[in-house]
Every structure is written in structure tokens, then in C-alpha cells.
Amino acid sequence: MRITGISTHVVGTPWRNLTYVQVHTDEGLTGVGETRMLGHTDALIGYLREAEAHHILGSDPFAVEDLVRRMKYGDYGRAGEIVMSGIAVIEMACWDIKGKALGVPVWQLLGGKVTDKVKAYANGWYTTERTPEAYHKAAQGVVERGYRALKIDPFGTGHFELDHQETRYAVSLIEAVRDAIGPDAELMLEMHGRFSPATAVRLAKEMAPYRPAWLEEPVPPENLKALEKVAAKVDIPVATGERIHDRIEFRELFESQAADILQPDVGHIGGIWETRKLAATAETHYMLVAPHNVGGPVLTAASLQVGFTTPNFKVLEHFNDFADAEIKKVVKGAPQVDPEDGCFHLSHAPGLGVELDVDAAAEFPQQQARFDLWAEGWEQRKPKETK
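Residues numbered from 1 in each chain as written. Predicted model: local features only at pLDDT ≥ 70, side-chain atom pairs only at ≥ 80, totals over all residues. Heavy atoms only, no water.

Let's shift gears to the domain arrangement of the protein. Segmenting the protein into domains produces domain 1 (3-105) and domain 2 (108-351). Here the C-alpha centre of domain 2 lies 25 Å away from the C-alpha centre of domain 1. The junction of domain 1 with domain 2 conceals about 2,800 Å² of combined surface from both sides, 60% of it contributed by carbon and sulfur atoms. Sorting the residues of domain 1 by area buried against domain 2 places Arg 16, Trp 95 and Pro 105 first, and these three jointly supply 23% of that buried surface. Glu 65 is the salt-bridge partner of Lys 277, the closest N and O atoms lying 2.7 Å from each other. (Domains from an automatic or database assignment. Buried area = accessible area lost by both parts, 1.4 Å probe. Salt bridge = Lys/Arg side-chain N within 4 Å of Asp/Glu carboxyl O.)

Rendered as C-alpha cells:
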């Protein structure tokens, strides 16, 4: 079996473009992959056009490891977000093809299941007025939908510092959310790399009474010494990793032990197998894995293949019941959170278990998607039009 070509389909919303890639073969099987780029969708498609000619055409889709190696190192450049995302969409599509050809789900090819279900946590649910009352109501809707965990960034446009008034307001939002979801649901606290170490530590202590399940990206991701400083002074588990795009670059994080939970994005770190390799190394350091997942149904399905096979897998992020829920229709067989237990359940469908509906995808043309975490009202994910 050989790859005969690829086709790209961009599903657009005002704040995110989802890039779907179909990999076609000479035996009639087609696989699908997905990633979500912020501001780099056209660059990704341009890279894929070149990679198709240089590396992908004529390749054996079963030889996933070899194809990833050639795409990563064959151009003699240091692979960053765009290249690793391009590798990811091709890689997961190849796993999809392999599973379909063999008639088994991808998780079966990764060593088999270690669990029948993966817990989900909700994100994108607080696209509402930024008040305690509105957040209380929105959070109630999340638990009524069956979720047992949810995440929120309550810090407005905070950057390095957060003054006393803004801090008290952020605390009031978290207080309202905890009251709405009760004592048993997990509440993940997102900081989006906003703060200096001193501010992050102070805020963690302010939020401690509301029992955050983790403190995510408390400081910008480039300086691991700053993260170590935070980890040494807080009792809340520290989570990070969504903006590390190469498995090898996690080495310093393992050495420092500055994180408790790793958050690789399957769509940015080279795909399913790279994520599974990272999870195996994390297991030797007694760290949990909770992939970043701001994509649509295909990326969710790919992340779940890792989840079902990984002993140290904690939980999977999920946007698509709240922000842009209508995009679920672009994929047949989209994974669903069971409202009875707030989990994704094991699928035995071959490959990734999903199929892209090209006609449905065409209903959501690419947009000039914009997501600016430093702009007022970013949490509503309704960016102002740019001139």
C-alpha cells in the first residue's frame, strides 16, 4: 500500500480554524488527521504542500515511524510548531489507515486497552458575561450535562501581575464556580502562562480554599527555572506542556520534576505515537498525562487512542459540547461524553473510529480566526473584527 496524495479541509470559526487532512492510498483506504492552529493555518497548509512532494507521496502508511522521522529530520531544520503539527495530522491519518486495513481500532495497535473509559473535563463553557452570577449558571450547566470536571481561566487580561482588586474579582468567580459544581467535581485552574512566579504563587494560595485540581501554565513556558520556583512553593499539582512541540524538549522538565501533569497536544507534538512515547517516559517519573485538546472530533478521537492505552493518563480536555458545538457534525462517529459518568467510552470501530464529512466541513469555510488572550472579553471567544 502506498500514499497517493493528501487533501486539506479547513473548518473555520471566529476564534479557531481546524485543519483536517485526508491521506489517500492506492488501495482505496483514506485516513484522516486534525490539528488546530492559532494564526498559522495557511503556513501549515503551505508546509504540507511541500512535505507531500518531499516525503509523503509514495510512502507506506504502515511505516509510521519512518515517515515521521523523515518529515522531522529530512529537511535539516529544527522542527517547530508548524512542522510538528504537519507531522501530527499525517501521522494520525496513517494510524487510521492501518487500523482500517487490519479491522481494529488504533488503541489495539498501541498495545491494547488499560481502561474502558477516559474521564473528560469541559472547557469553552464560560463564553458568557464575566460575572459570578453568569459563571455560576454556566458551571451548573456543565455538571448538568454530566461532566465531573471543568477548567477556567478567571484572570481577565492579567499579565505578570494582578492587582488587589482584580485578584479579589478572580477569586469571586472561582468561588461562584465551586459553589455551582459542588465539592466533588474537579476544578482545573488555568493561568495561560500569564504570571511572574511571585504572582502565580500568591494567586495559588488565594485559590487554595476552592481546591483546584491543578495549576496550569502558571508562568510563561520558555523559562523552566521560573516554573521550578512556583512548584517549590505551592501544594497544588502543576500542569504544563501544551506549548512544547517536540518530545525531546520535555527532557529538562523531567529532570527538574517541576510538573506533576504533562499536557502535550497530540495535534502539535507529532501525533499519537510521539504522545504515547512521551507518556511512557512520564510514567517513569511518576507524572500523569492530560493532553491539551482544543481541536474537533478527529483530534479528540486520536487523543483517546492514547488515553485507552496509557496507565498514567488522567483526563482529556473537551471543548465541543460548548464552544462551536455545531462543528461536531463535520465528523461521523464523533466521540461523545457519556452524561451518566462524564467519560468517553471505549470504541471498537476500526482506525480512529471517525470519518470526515467533506460536504458538512464545507459549510464552515476558513476564517481569519483570532484568539487574543490579552484582549478584553477573550473568554467569550468572539473576537472583534480586524480592519
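Still more ground to cover, so stick around.
Under the UniProt annotation, the feature "domain: Mandelate racemase/muconate lactonizing enzyme C-terminal" (unreviewed entry) is placed at residues 132-237. Helix makes up 47% of residues 132-237 and strand 11%. Its end C-alpha atoms lie 25 Å apart. (UniProt positions renumbered as here; feature names shortened; annotations may be inferred. Helix = DSSP H or I, 4+ residues; strand = E, 2+ residues; numbered from the N terminus.)

Here we come to helix H1 (residues 41-56). The end-to-end C-alpha separation of H1 is 19 Å, well short of the 22 Å expected for 16 residues at 1.5 Å each. Along its length, H1 reaches its greatest deviation from straightness, about 30°, at Glu 50. Of all the positions in H1, only Thr 41, Leu 44, Ile 45, Gly 46, Tyr 47, Leu 48, Ala 51, Glu 52, His 55 and Ile 56 are classed as buried. Positive phi appears at Gly 58, one or two residues downstream of H1, with a value of about 85°. (Expected span 1.5 Å × (residues − 1). Bend = angle between axes of the 7 residues up to and from the residue. Buried < 20%, exposed > 50% of the residue type's maximum accessible area, 1.4 Å probe, protein only.)

One pass over the full model with this rule turns up 26 salt bridges. Close ionic contact of Lys 119 with Glu 186 constitutes a salt bridge, the shortest N to O distance being 2.7 Å. With a gap of 67 residues between them, Lys 119 in strand E4 (residues 117-122) and Glu 186 in strand E6 (residues 186-190) connect regions that are remote in the sequence. Overall, Lys 119 belongs to the partly exposed group, its relative accessible area being 25%. For Glu 186, a relative accessible area of 18% puts it in the buried group. Close ionic contact of Asp 321 with Lys 328 constitutes a salt bridge, the shortest N to O distance being 2.7 Å. With respect to burial, Asp 321 and Lys 328 carry one shared label: buried. Several salt bridges share partner residues, and in doing so they unite Glu 65, Arg 247, Glu 274 and Lys 277 into one network.

With respect to the helices and strands, the residue Asp 341 is situated in the loop between strand E12 (331-332) and strand E13 (343-345). A residue is classified by how much of its surface remains accessible, and Asp 341, at 19% relative accessible area, is buried. At 2.8 Å, the side chain of Asp 341 and the side chain of His 345 are in polar contact. (Polar contact = N/O pair within 3.5 Å; in protein donor to acceptor, adjacent residues only side chain to side chain.)

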